[in-house]
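Commentary on secondary and tertiary structure
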Amino acid sequence: MALNLTQYLEKSAEKFSDKLAISDEKTELTFSELRKQAMAIASYIIELTSSQNKPIAVEVDRCTQTIGMFLAVLYSGNFYVPIDNKMPEDRVKLILEDIKPVLCLSLKEKSILANFNVKTACYENIKNNDINEKALKITNEQIIDMDCCYTMYTSGSTGAPKGVIISHRMVMDFADFLSNTFGINENDVVANQAPFYFDCSVKCIYQMLRNGCTMYIMRPMYFMFPMKAIEFFNEKKITTLLWATSGLNILSSSGVFEKIKPNTINKVFFSGEALYGKDYLLWKEACQENAMFVNLYGPTEVTVDCTYYIIEREFKKEDVIPIGKACPNMNVYLLNEENKLVQKDEIGEICARGTGISYGYYNNLQKTEEAFIQNPFNSNYRDIIYKTGDLAKYNEYGEIVYISRKDNQVKHMGSRIELGEIESLAVTLDNIDEAIVFYDNDNKKIILVCKTNLDKSNVFDYLKEKLPKYMLPNEIFIFDKLP
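In this report, we go over the structure that sits alongside the text. (Residues numbered from 1 in each chain as written. Predicted model: local features only at pLDDT ≥ 70, side-chain atom pairs only at ≥ 80, totals over all residues. Heavy atoms only, no water.)

What follows concerns the overall build of the protein. Helices and strands together make up the secondary structure of the protein, namely 15 helices and 26 strands. What you see for the protein is a C-alpha radius of gyration of 22 Å, in line with the 23 Å of a compact globule of 483 residues. C-alpha extents for the protein along the principal axes are approximately 65 × 60 × 55 Å. Residue burial in the protein is summarised as follows: out of 483 residues, 60% are buried. Within the protein, contacts between residues at least 6 apart in sequence are counted, and of these 66% link residues at least 24 apart. When the accessible surface of the protein is totalled, it reaches about 21100 Å², and 48% of it is carbon and sulfur. Here the protein carries 54 positive and 65 negative side-chain charges, and the mean point of each set is 2 Å from the other. (Helix = DSSP H or I, 4+ residues; strand = E, 2+ residues; numbered from the N terminus. Rg over C-alpha atoms; globule rule 2.2 N^0.38 Å. Buried < 20%, exposed > 50% of the residue type's maximum accessible area, 1.4 Å probe, protein only. Contact = heavy atoms within 4.5 Å. Areas by Shrake-Rupley, 256 points an atom, 1.4 Å probe, with all protein chains shown as cover. Lys, Arg positive; Asp, Glu negative; His and termini not counted. Charge placed at Lys NZ, Arg CZ, Asp CG, Glu CD.)

Vacant regions in the atomic arrangement are exposed by a probe of water-molecule size rolled over the atoms. The volume enclosed by the largest pocket comes to roughly 1100 Å³. Taken together, the elements giving at least two residues each to the lining of the largest pocket come down to helix 9 (221–224) and helix 11 (245–252). Partitioned by chemical class, the residues of the lining of the largest pocket number 19 nonpolar, 7 polar and 6 charged. As a volume, the second largest pocket reaches approximately 510 Å³. Surrounding the second largest pocket, 28 residues form its lining, A274, Y402, I403, S404 and N441 being those nearest its centre. The set of elements that each furnish at least two residues to the lining of the second largest pocket consists of strand 13 (292–297), strand 21 (400–405) and strand 22 (409–412). Top contributing element to the lining of the second largest pocket by residue count: strand 21, with 4 residues. Partitioned by chemical class, the residues of the lining of the second largest pocket number 14 nonpolar, 7 polar and 7 charged. (1 Å grid on protein atoms, 1.4 Å probe; cavity = no way out; pocket = protein on both sides within 12 Å on 5 of 7 lines; lining within 4 Å. Points joined across faces, edges and corners; volume = space filled by probe spheres on them. Nonpolar A, V, L, I, M, F, W, Y, C, P; charged D, E, K, R; others polar.)

Residues L105 and Y206 are the most contacted members of the largest nonpolar core, which totals 113 residues. In contact with Y206, not counting residues within four places along its chain, are L5, Y8, L74, Y80, C149, V171 and A175. If you look at the next biggest cluster of nonpolar residues, it comprises 34 residues, including L20, Y222, L251 and F270. (Core = buried A, V, L, I, M, F, W, Y, C linked by side-chain atoms within 4.5 Å.)

Here we take up the sheet that holds strand 12 (residues 267–270). Strands sit in the order 2-1-10-9-11-12-13-14-15 across an open sheet of 9 strands; the sheet is mixed. Looking along the sheet, the strands with just one partner apiece sit at the ends: strand 2 (28–30) and strand 15 (325–326). Bridge analysis of strand 14 (residues 307–310) against strand 15 gives 2 bridges, and the strand direction is antiparallel. Bridge pairing in strand 15 places Y308 opposite K325. Relative to the sheet, helix 2 (residues 31–49) contacts strand 1 (20–23) and strand 2, its axis offset from that of strand 2 by approximately 95°. Strands strand 1, strand 9 (189–192), strand 10 (214–217), strand 11 (240–242) and strand 13 of the sheet are contacted by helix 8 (residues 201–211), whose axis makes an angle of about 150° with strand 9. (Pairing = 2+ DSSP bridges. Axes fitted to C-alpha atoms, helices over the stretch in contact; angles between N-to-C directions.)

Following both chains from N to C, one finds helix 11 and helix 12 (residues 277–286) inclined at 65°, their axes separated by 10 Å at the closest point. Judged by the sense of rotation from one axis to the other, the crossing of helix 11 with helix 12 is left-handed. Facing helix 11, whose interface residues are L248, N249, L251 and S252, helix 12 presents D279, L282 and W283. (Left-handed = near helix turned anticlockwise from the far one by under 90°.)

Throughout the structure, instances matching the rule amount to 20 salt bridges. With a shortest N-O distance of 3.1 Å, E25 and R219 are connected by a salt bridge. With E25 in the loop between strand 1 and strand 2 and R219 in the loop between strand 10 and helix 9, this pair connects stretches of sequence that are 194 residues apart. Exposure remark for E25: the relative accessible area of 33% places this residue in the partly exposed category. Between K86 and D61 there is a salt bridge, and its shortest N-O distance comes to 3.3 Å. Placement of the pair is K86 in the loop between strand 4 (79–84) and helix 4 (89–99) and D61 in the loop between strand 3 (55–60) and helix 3 (64–75), with a sequence separation of 25 residues. Looking at D61, the relative accessible area reads 25%, which means it is partly exposed. (Salt bridge = Lys/Arg side-chain N within 4 Å of Asp/Glu carboxyl O.)

Nothing here speaks to function; it is geometry throughout.
Structure follows, in structure tokens:
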């Protein structure tokens, strides 16, 4: 049994030394090359910081270098904090002020991280650093599975992002579940869709490392030209898609399957948003007859996913696909307002407990204690459950079916968004007196309504400087007075 996540790469590098591990179509690395690169950068980190269990910010893009730096941080005994290099500077500033990293790793000399007063090292300058085998061995022996692996920042209702703390053991338990339950192994070829600052990407990264399978990082252009995406699947012999539902829907709704089919895909995993029969059926009809389809559910705080449903019976286009049952080593409760289990046909909040439950939010005890509470069914010892804020009910088969959000949080384009965060930023713009943000579920749009004498373009340009692209309003309505 692996004791920490670096041992995944150690075993794969030994067993599949010259096999392709990861490719972004510009750079390809075998498992032994990935290990060598990670150890070289880790040696630099150890020499520079002499720290353990400390945060190291990593600039993220769709490239192999990002994964090399993630692994280097783990080899150094620290944990990584992904920073999207297209993120607005104001948001980067909030994260860096919260996390206070001992070091930042950038992809290039002139990166977004260079604009802040933080210690920064560039990938190109340290990738060939001398490997200190002795220091790495000592460090690796001290890493335990309860140590933090990564802290990933999600949207926050107060306008400040929250850092979710995830350990090695949480990720390993989740990786074991995916591999053992769905038969993912060294013969699989994975196409990565989710950016590496989203937790959906954790599935691809650690299946590749655990099982010795190959991972291809897909370029954004494939989502603008779906035909190219399917051609890419067939050329690379992709077998497994561990994608956000929105990403899969972009391809299927384009009509591309009428012209070309994915010939080698045999496992399709949906996650991140409600899955409807009409979207699942397009993939079912396009893929090979024996393909497996799985609907996964879970927020970042449960280490990616806490429930799963293998789609086996027939569904109609208008049906909502269940999210199923709890993953191994997890319990999922549906609780009513009195924190009691729901009765038949009653809707309740999804609450989870088990090995995947995060330690909480970095440097934010108040928010942690609000969401991570004592199990109401156990008063004898510390037993934490996470209140997701998602509402669900049981169907006639005893399967969990997702209903909606309990609060002002939505899932949009595979990402969890606090609408209150957008509102908070909108009213910081001069001449905006009031702002309300809501979500159009039917058309999958974020709508901003505000009281101001400004033009829509002024409002949008301001928010564009403050928010990631996936959080920007799709429509803006201006009023002299709000109803």
